[in-house]
Amino acid sequence: MSAPALDIAPLSAQLRERTRDAHERAETRPFISDLMHGRLDRAAYADLAAQQYGMYVALEAASAALVDSPRGRGLLFPELTRTPSIEADLAYLYGPQWRERIDVLPVAVEYAERIAHVSGDLPRYAAHAYTRYLGDLSGGQAIKRLVQRHYGLAEEGVAFYTFTEIAKPKVFKDEYRERLDALDLSPLEVETAVEEAMVAFELSAALFTALGERHSAA
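Residues numbered from 1 in each chain as written. Predicted model: local features only at pLDDT ≥ 70, side-chain atom pairs only at ≥ 80, totals over all residues. Heavy atoms only, no water.

*Asks:* Lay out the packing of helix H7 (residues 106-117) against helix H8 (residues 122-137) with the relevant residues and their values.
*Replies:* As a packed pair, H7 and H8 sit with axes 10 Å apart at the nearest point and diverge in direction by 135 degrees. Viewed along their axes, H7 and H8 adopt a mutual orientation that is oblique. Contacts between H7 and H8 involve Tyr111, Arg114 and Ile115 from the first element and His128, Thr131 and Arg132 from the second. Residues that form the contact of H7 with H8 fall into these classes: 2 nonpolar, 2 polar and 2 charged. (Axes fitted to C-alpha atoms, helices over the stretch in contact; angles between N-to-C directions. Helix = DSSP H or I, 4+ residues; strand = E, 2+ residues; numbered from the N terminus. Parallel < 35°, antiparallel > 145°, perpendicular 65-115°, else oblique. Contact = heavy atoms within 4.5 Å. Nonpolar A, V, L, I, M, F, W, Y, C, P; charged D, E, K, R; others polar.)

Here it is in C-alpha cells:
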C-alpha cells in the first residue's frame, strides 16, 4: 500500500503565513509609522520613492526574463509595471534632474542587486514579485492615502501607488494568488520561495531602518 499524499499548503498560503512575523517587523519600523502619521515631511516620502526605484527596475527586468518561460509567464501582469510610475513621481518630487539628485542608500542597492541576482530563478522571482506587488496593492494603498493627507499631495507624486489598469484590487490579488499556486513548484522550490520572501522582508526592514536614521521625527 502506498503512503498517503502529504497535504501541502498552497504557495500563496505558505508565503502569507510563514513570513507573517518578518512582514510585521518590516512594516512596523519607526520610519513607516512616522511617515504614515505625518511626523516627517515630503522629503522623507520622496526619499522612499528614490530607494524603491532601482528595486523595481531590477524586478521588472527579471519579469522580462520570464516572458518565454512556460511556467513563469503565467505570473506576469503588464498592469503591475511600476517603473514608469516611479519615474513620474521622482520627476515631480525632485524635478527633471532627479537622477542626479537622488541619494540611494547602500541597502537599497543591495536589495536591487539581490533581485537582479535571482533573475531567471522562478521560485525566487515569485517571492520578490509577491512581496512587492501584493504589498503595493494592499498596505501601499493606505500609504498613498496617508501621504496625500499629510504631505499635500494630490495624484501627482503618488503614481506608484495608483494602479490605473486594476479596477478591483481584491479580485486582482485573488487571481494573482491563484497564479502563484498554479506555478507547479516542487516542495523544494516552495521552500526556496518562502526563504527568499523572508530575505525580501528582511531587506525591507533594513531599508526602513536606514531611512529612519536619515529622517527622524525628533
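*Asks:* Before we move on, can you summarise the pattern of salt bridges with the specific residues and values?
*Replies:* Inspection of every chain in the model, using the stated rule, returns 15 salt bridges. Of the charged contacts in the structure, one is a salt bridge between Arg214 and Asp103, with a shortest N-O distance of 3.0 Å. Linking Arg214 in helix H11 (residues 187-214) with Asp103 in the loop between helix H6 (98-101) and H7, this pair joins segments that are 111 residues apart in sequence. Classification of Asp103 as partly exposed rests on a relative accessible area of 46%. The shortest N-O distance in the salt bridge between Arg114 and Glu196 comes to 2.7 Å. With Arg114 in helix H7 and Glu196 in helix H11, the pair connects residues that are 82 residues apart, well separated along the chain. For Glu196, a relative accessible area of 2% corresponds to the buried category. (Salt bridge = Lys/Arg side-chain N within 4 Å of Asp/Glu carboxyl O. Buried < 20%, exposed > 50% of the residue type's maximum accessible area, 1.4 Å probe, protein only.)

*Asks:* Please provide a residue-by-residue account of the nonpolar core, values included.
*Replies:* Membership of the largest hydrophobic core comes to 70 residues, with the highest contact counts inside it found for Phe31, Leu35, Leu80, Leu90, Tyr176 and Leu180. For this core, the element with the highest residue contribution is helix H4 (residues 42-64), accounting for 12 residues. If we ignore the near neighbours within four places in the chain, the residues touching Leu180 are Leu11, Ser12, Leu15, Leu75, Ala126 and Tyr130. (Core = buried A, V, L, I, M, F, W, Y, C linked by side-chain atoms within 4.5 Å.)

*Asks:* Hey, could you go over unusual backbone geometry for me, with residue numbers and the actual values?
*Replies:* With a phi close to 60 degrees, Asp184 is a non-glycine residue in the positive phi region. Here Asp184 lies in the loop between helix H10 (169-181) and H11.

*Asks:* Describe the packing of H7 against H11, and please don't skip the residues or the numbers.
*Replies:* Axis separation between H7 and H11 bottoms out at 9 Å; the angle between their running directions is 160 degrees. On the basis of their axis angle, the class for H7 and H11 is roughly antiparallel. Seen from above, H7 lies across H11 with left-handed handedness. Two secondary-structure elements touch here, H7 through Val107, Ala108, Glu110, Tyr111 and Arg114 and H11 through Glu196, Val199, Ala200, Leu203, Ser204, Ala206, Leu207 and Ala210. Partitioned by chemical class, the residues of the contact of H7 with H11 number 9 nonpolar, 1 polar and 3 charged. (Left-handed = near helix turned anticlockwise from the far one by under 90°.)

*Asks:* How would you explain the confidence of the model for the protein chain if you had to name every residue and give the values?
*Replies:* Summarising the model, the protein chain shows a mean pLDDT of 94, and 96% of its residues fall at 70 or more. Every residue in residues 1-6 scores below 50 in pLDDT, and together they form 0 contacts with partners more than four places removed in sequence or on other chains. (pLDDT = per-residue confidence, 0-100.)

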